[in-house]
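Examination of the molecular architecture
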Amino acid sequence: PTVKGIMQHREAAAKFGNKKLVVITGASSGLGRKTARALLQTGQYHVVGAVRDLAKMETVAEIDGFNPDNFTPMHLELNSFDSVHKFCSDLERFKAAKPLDRLICNAGIYQPSLPYPKWSADDHEQQMQVNYLSHFLLVSKLIDDLTCAPDPRVILVGSVTGNDNTVGGGGVYPVADLKQLEGLKAGFKNPISMFDGYNFDGAKAYKDSKLCLMMLSNLLHDKYNKQTGIAFSSIYPGCIADSPLFREKRAWFRKYFPVFMKYITGGYVSEEEAGMRLFQVAHDPRCSKSGVYWSWNGGPREGRGASALEQDGQILGGGGAGGGWDSIYENDQSDKVHNKETAADLFKHSSLITGAQWPVPHQPKSPCPTLKVVGAVTAFVNGKEELKRMKAMPGTVGSAARVMRTTTSVADGVVLGSIGR
């Protein structure tokens, strides 16, 4: 250990003690605000609120009674990739040698009524950059640090609207659908406003971004869970019908939508309860399982009628209110979410656009020295046999045939030299 390393460990111990370190985006309002409060109330976490408006965050923290010893607001503008890079640098300096235990990608914007796209600082459609692309970049920059924590979790907030196997996702136009990702593959810069390469639709852009987040969670689980120990999951906390997320909807919608969701469909959830659900996935030992889409309560019920009024809308339903801590379950996702070919393209081209750099994926290998030696000898023998098969003959078109003799000589020299040492 270096002197610098020792000093950083001492600084981290003094600052955090035995508390877990959590980063949550969008902590100044709605779901993120309630989740941050729930985490802080346990006394077991130090929460970094990653927000675009520090003054607003500080006001909220004072109103909600956040303990300043356990809460740190930090600037992050998801509308800009440069801001993501700066935030990660600021976080690195702040936390010293303390590894990150939880990353909660919660922040999002919803612009369903816009007749035209708004553009980010990087010239991408805003909803897709804020909701998905910048979170994609954020995870890539923090994944190595998360690996150092004892029980690391990355939680991506999805939505029923991104799953077309539900009424909310498949029964209401527009439906989330990335098609062949032609817009993303073409660079997704102004004037290209949609990942599928077609004309802009504000509601669809939001739904597509949630589809992307859920696909990303599954893909990261497949690539990195065994390698890193990180539990990657997505959640649908229920429809927070009076959330600030709907601030850009028309006034009549903001007035009547909560009533409709609460008393007709049963899908309504308060910010408080939704915050407890997201908190549960960050805190509950059961939620250390990776590759899960967490939901609560089962499926929406029909014929609510008088019972809804009697219980003030509190009837068990797919994401609906009620049910408590033990109503959590592993929900099913649509075929689109599970499409591995589309997910691979999404990952590749999102990396190109954001500049994200990821660890090289590999499966864990046995540390046994004997197996390592056997493996090295086997690889050499297999290599020699494969080179024989690559000998230039009629019908051989592989380019390796042209360099077979040189490769064989070099390989022999290296191995014989190694044995001699």
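In this report, we go over the structure that sits alongside the text. (Residues numbered from 1 in each chain as written. Predicted model: local features only at pLDDT ≥ 70, side-chain atom pairs only at ≥ 80, totals over all residues. Heavy atoms only, no water.)

1. Re the sheet that holds strand β8 (residues 328-330)
Let me state the cut-off plainly: Two strands pair if DSSP finds at least two bridges between them. Strands are runs of DSSP state E lasting at least two residues, helices are runs of H or I lasting at least four, and both sets are numbered from the N terminus onward. Note on geometry: axes are C-alpha line fits, over the in-contact stretch for helices, and angles between N-to-C directions span 0 to 180 degrees. Any pair of residues with heavy atoms lying within 4.5 Å of one another is described as a contacting pair.
An order of β3-β2-β1-β4-β5-β6-β7-β8 is seen for the eight strands of this open sheet, with the pairing classed as mixed. Among the strands making up the open sheet, the edge pair consists of β3 (71-75) and β8. Ignoring which end each strand starts from, the neighbouring axes of this sheet average 25° apart. Sheet analysis places strand β4 (residues 102-105) next to strand β5 (residues 153-157), joined by four bridges and oriented parallel. By the bridge assignment, Cys105 is partnered in β5 with Leu156. Where helix α10 (residues 271-283) meets the sheet, it contacts β2 (45-51), β4, β5, β6 (231-235), β7 (292-296) and β8, and its direction lies at approximately 155° from that of β5.

2. A short note on the packing of helix α4 (residues 81-95) against helix α5 (residues 126-146)
Rule in force here: A clockwise turn of the near helix away from the far one marks a right-handed crossing, whereas an anticlockwise turn of less than a right angle marks a left-handed crossing. Gly is placed with the polar residues, together with every amino acid not listed as nonpolar (Ala, Val, Leu, Ile, Met, Phe, Trp, Tyr, Cys and Pro) or charged (Asp, Glu, Lys and Arg).
Contact geometry for α4 and α5: axes closest at 10 Å, N-to-C directions at 35°. Where α4 crosses over α5, the handedness of that crossing is right-handed. For the pair α4 and α5, contact is made by Phe81, Val84, His85, Phe87, Cys88, Leu91 and Lys95 and by Gln129, Leu133, Ser134, Leu137, Leu138, Lys141, Leu142 and Asp145, respectively. The class makeup of the residues in the contact of α4 with α5 is nine nonpolar, three polar and three charged.

3. Considerations on the packing of aromatic side chains
For the record, the criterion: For Phe, Tyr and Trp, rings pair up if their centres lie within 6.5 Å, where Trp contributes its six-membered ring, and each pair is then called stacked (planes under 30 degrees apart), edge-to-face (over 60) or tilted (otherwise). Exposure categories follow from relative accessible area, calculated using a 1.4 Å probe and restricted to protein chains: below 20% of the type maximum is buried, above 50% is exposed, and the middle band is partly exposed.
All chains considered together, the criterion is met by 11 aromatic pairs. Taking the centre distance of 4.9 Å and the plane angle of 65° together, the rings of Phe66 and Phe71 count as edge-to-face. Taking the centre distance of 5.6 Å and the plane angle of 65° together, the rings of Phe136 and Phe347 count as edge-to-face. Residue Phe136 is found in helix α5, and its partner Phe347 is found in helix α12 (residues 340-354); the two are separated by 211 residues along the sequence. Classification of Phe136 as buried rests on a relative accessible area of 0%. Residue classification places Phe347 among the buried residues on the basis of a relative accessible area of 12%. Joined through ring pairs, the aromatic side chains of Tyr132, Phe136, Phe188, Phe195, Tyr224, Phe347 and Trp358 make up one cluster.

4. Here's the deal with the nonpolar core
Rules: For this analysis, a nonpolar core means a set of buried residues of the types Ala, Val, Leu, Ile, Met, Phe, Trp, Tyr and Cys, connected via side-chain atoms within 4.5 Å.
One finds Phe87, Leu103, Tyr132, Phe195 and Trp358 to be the most contacted residues of the largest nonpolar core, which totals 62 residues. Tallying contributions element by element places α5 first for this core, with 11 residues. Leave out the neighbours within four places in its chain, and Tyr132 touches Gln127, Phe195, Ser209, Cys212, Leu213, Leu216, Leu346 and Ser350. Among the nonpolar cores identified, the runner-up in size contains 31 residues, and Leu40, Phe71, Ile235 and Ala274 belong to it.

5. Observations concerning empty space enclosed by the protein
Basically, it comes down to this: Cavity means a closed set of points on a 1 Å grid over the protein atoms alone, one where a 1.4 Å probe fits but cannot get out, pocket means an open set with protein on both sides within 12 Å along at least 5 of 7 lines, and lining means a residue has an atom within 4 Å of a point. Grid points are joined across faces, edges and corners, and a volume is the space filled by probe spheres set on the points.
Going through the model one piece at a time under the given rule, you end up with one cavity of 30 Å³ or more. The space that makes up the largest cavity amounts to roughly 30 Å³. In terms of lining residues, the largest cavity is bounded by Tyr132, Phe136, Met215, Leu216, Leu219, Ala343, Leu346 and Phe347. Elements with a contribution of two residues or more to the lining of the largest cavity: α5, α8 (202-228) and α12.

6. Description of unusual backbone geometry
Residue Pro191 is reached from Asn190 by a cis peptide bond, and omega for that bond is 15°. With respect to the secondary-structure elements, Pro191 resides in the loop between α7 (182-185) and α8. Even without a glycine there, the phi angle at Leu181 is positive, about 60°. In this fold, Leu181 is placed in the loop between α6 (167-170) and α7.

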